[in-house]
Amino acid sequence: MSPNPVSDVGSYLKEQRQQAQLSLRQLAERTGISNPYLSQIERGLKRPSAEILQAIAKGLRISAEQLYVQAGILDAVPDGATELDVRRAIKADPRLTDRQRKALLDVYESFVGD
């Protein structure tokens, strides 16, 4: 049985709200979303739209993308996928010379490691 994205996003939101030390009422004031509706989302009774999730993310000062993943709107990016995409993009960019590619890859690797 697959996990229910509605309750997953609700429990995730509740955890994030509690970590931010905000009451439902305070989050409602920050987001412009009603207190009862936020409560229903947290309890897994309502499935929020992308716009609602974005407002909540802004109110909690967290990534909207992460909320979209929790809600099942976006697929999670596997660990290391971003790193591979950056290297691949540098290597594939026709506007760069070989010397520029090497310099960019060296700088990138100095930040993220091998």
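Above this text you will find the structure in question.
What counts and how
Residues numbered from 1 in each chain as written. Predicted model: local features only at pLDDT ≥ 70, side-chain atom pairs only at ≥ 80, totals over all residues. Heavy atoms only, no water. Buried < 20%, exposed > 50% of the residue type's maximum accessible area, 1.4 Å probe, protein only. Helix = DSSP H or I, 4+ residues; strand = E, 2+ residues; numbered from the N terminus. Arc of directions from axis to C-beta. Core = buried A, V, L, I, M, F, W, Y, C linked by side-chain atoms within 4.5 Å. Contact = heavy atoms within 4.5 Å. Patch = residues over 30% accessible without salt bridge, like charges linked within 9 Å, V, L, I, M, F, W, Y side chains within 5 Å. Areas by Shrake-Rupley, 256 points an atom, 1.4 Å probe, with all protein chains shown as cover. Salt bridge = Lys/Arg side-chain N within 4 Å of Asp/Glu carboxyl O. Axes fitted to C-alpha atoms, helices over the stretch in contact; angles between N-to-C directions. Parallel < 35°, antiparallel > 145°, perpendicular 65-115°, else oblique. Left-handed = near helix turned anticlockwise from the far one by under 90°. Nonpolar A, V, L, I, M, F, W, Y, C, P; charged D, E, K, R; others polar.

As for helix α5 (residues 64-71)
Alright, step 1. Taken as a whole, α5 has its buried residues at Leu67, Tyr68 and Ala71. The buried residues of α5 occupy an angular sector of 105° when projected down its axis, which confines them to one face.
Alright, step 2. Directly beyond the C-terminal end of α5, a positive phi value near 85° is found at Gly72.

Section: helix α4 (residues 50-60)
Given 3.6 residues per helical turn, the α-helix brings residues three or four places apart onto the same face.
Alright, step 1. Burial in α4 covers these residues: Leu53, Ile56, Ala57, Gly59 and Leu60. Across the axial projection of α4, the buried residues extend over an arc of 160°, all falling on one side. Away from its buried face, by an angle of more than 90 degrees, α4 presents the exposed residues Glu51 and Lys58.
Alright, step 2. One or two positions beyond α4, positive phi appears at Arg61, with a value near 60°.

Thoughts on the nonpolar core
Alright, step 1. Among the nonpolar cores identified, the biggest contains 17 residues, and Leu13, Leu27, Leu38, Leu53, Ile56, Leu60 and Leu67 are the most heavily contacted of them.
Alright, step 2. For this core, the elements supplying multiple residues, two or more each, are α1 (5-19), α2 (24-31), α3 (35-42), α4 and α5.
Alright, step 3. Here the element with the most residues in this core is α4; it accounts for 4 residues.
Alright, step 4. If we skip the residues at most four places from it in the chain, Leu67 touches Val9, Tyr12, Leu13, Leu53, Ile56, Ala57 and Ile62.

Observations regarding a nonpolar patch on the surface
Alright, step 1. Side chains of Val107, Phe111 and Val112 sit close together on the surface and give an oily, nonpolar patch of about 320 Å² of accessible area.
Alright, step 2. Position of Val107 among the secondary structure elements: in helix α7 (residues 98-112).

Quick word on the packing of α4 against α5
Alright, step 1. Where α4 contacts α5, the two axes come as close as 9 Å, and the packing angle between them is 135°. By the angle class used here, α4 and α5 are oblique. In the crossing of α4 with α5, the sense of the turn from one axis to the other is right-handed. Across the interface between the two elements, Ala50, Leu53, Gln54, Ile56 and Ala57 of α4 pack against Ala64, Leu67, Tyr68 and Ala71 of α5.
Alright, step 2. Residues of the contact of α4 with α5, tallied by class, amount to 8 nonpolar, 1 polar and no charged.

Let's talk about unusual backbone geometry
Alright, step 1. A positive phi angle is found at Gln21, which is not glycine, with a value near 55°.
Alright, step 2. Relative to the assigned elements, Gln21 resides in the loop between α1 and α2.
Alright, step 3. Unlike most non-glycine residues, Arg61 shows phi in positive territory, near 60°.
Alright, step 4. You can call Arg61 exposed: its relative accessible area is 66%.

A short note on the packing of α2 against α3
Alright, step 1. At a minimum axis separation of 9 Å, α2 and α3 run at an interaxial angle of 115°. When the axes of α2 and α3 are compared, the pair comes out roughly perpendicular. Of the two possible hands of crossing, α2 and α3 adopt the one that is right-handed. Where α2 approaches α3, its residues Leu24, Arg25, Leu27, Ala28 and Thr31 are matched on the opposing element by Asn35, Leu38, Ser39 and Glu42.
Alright, step 2. Classifying every residue of the contact of α2 with α3 by side-chain character gives 4 nonpolar, 3 polar and 2 charged.

Keep in mind that these numbers describe shape and distance, not what the molecule does.
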